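Structure assessment
Each chain is listed here by its residues.
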Amino acid sequence: GTKILKKLKYNNFTILVREGDDSNKSIKHVHYHLIPNDPIGDLNHIGKPRTLLSEKEIVTLSKQITLLTKI
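Once a new chain begins, its residue numbering starts again from 1 and follows that chain's sequence as written. In view of the model being predicted, local features appear only for residues whose pLDDT reaches at least 70, and side-chain atom pairs are presented and counted only at 80 or more, with totals across whole chains, interfaces and linings using the full set of residues. Processing note: side-chain calculations cover all non-hydrogen atoms of the structure and skip hydrogens and water entirely.

**Notes on the overall build of the protein**
Summing up its helical and strand segments, the protein has 2 helices and 2 strands in all. Elements are defined by DSSP. Helices are runs of H or I of four residues or more, strands are runs of E of two residues or more, and each kind is numbered from the N terminus. In sequence order, the protein lays out its α and β elements as α-β-β-α. Computation of the radius of gyration draws on C-alpha atoms alone. For the globule rule, the value is 2.2 Å times the number of residues to the power 0.38. At 16 Å, the protein has a C-alpha radius of gyration far larger than the 11 Å of a compact globule built from 71 residues. Oriented by its inertia axes, the alpha-carbon framework of the protein measures out at about 40 × 25 × 25 Å. The cut-offs for exposure are 20% and 50% of the maximum accessible area for each residue type, with area from a 1.4 Å probe on protein chains only; residues under the lower value are buried, those over the upper are exposed, and the others partly exposed. Evaluated residue by residue, the protein yields a buried proportion of 6% over its 71 residues. Restricting the contact set of the protein to residue pairs at least 6 apart, pairs at least 24 apart contribute 32%. By element, 57% of the accessible surface of the protein is carried by carbon and sulfur atoms, the whole surface being about 6400 Å². Residues scored as charged are limited to Lys and Arg (positive) and Asp and Glu (negative), so that His and the chain ends carry no count. Each charge is placed at NZ for Lys, CZ for Arg, CG for Asp and CD for Glu. Separation between the mean location of the 12 positive side-chain charges and that of the 7 negative ones in the protein comes to 11 Å. Working rule for contacts: check all heavy atoms of both residues, and any pair within 4.5 Å makes them a contact. Accessible surface area values rest on a Shrake-Rupley calculation with a 1.4 Å probe, where residue burial reflects the displayed protein chains alone.

Dropping the structure here:
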């Protein structure tokens with residue numbers, strides 16, 4: 001997970017741990033969330049203006065993420 005965030009140029013991230021009896025899950029377990037620290041504003045994490053992805057860009061990005069997770 002952290003390798004993928006670094007490849008996407010996120011240098012900072014938060015790790016959130018979810019566990020406990022009040023997790024409302026049918027099977028008790030622990031899991032982690034890796035949350036990239038992305039400042040809110042007009043610029044993204046690499047200093048470029050924020051944009052909305054087209055459907056084609058979403059499909060392409062999804063494929064790239066799938067490939068990165070196989071590393």
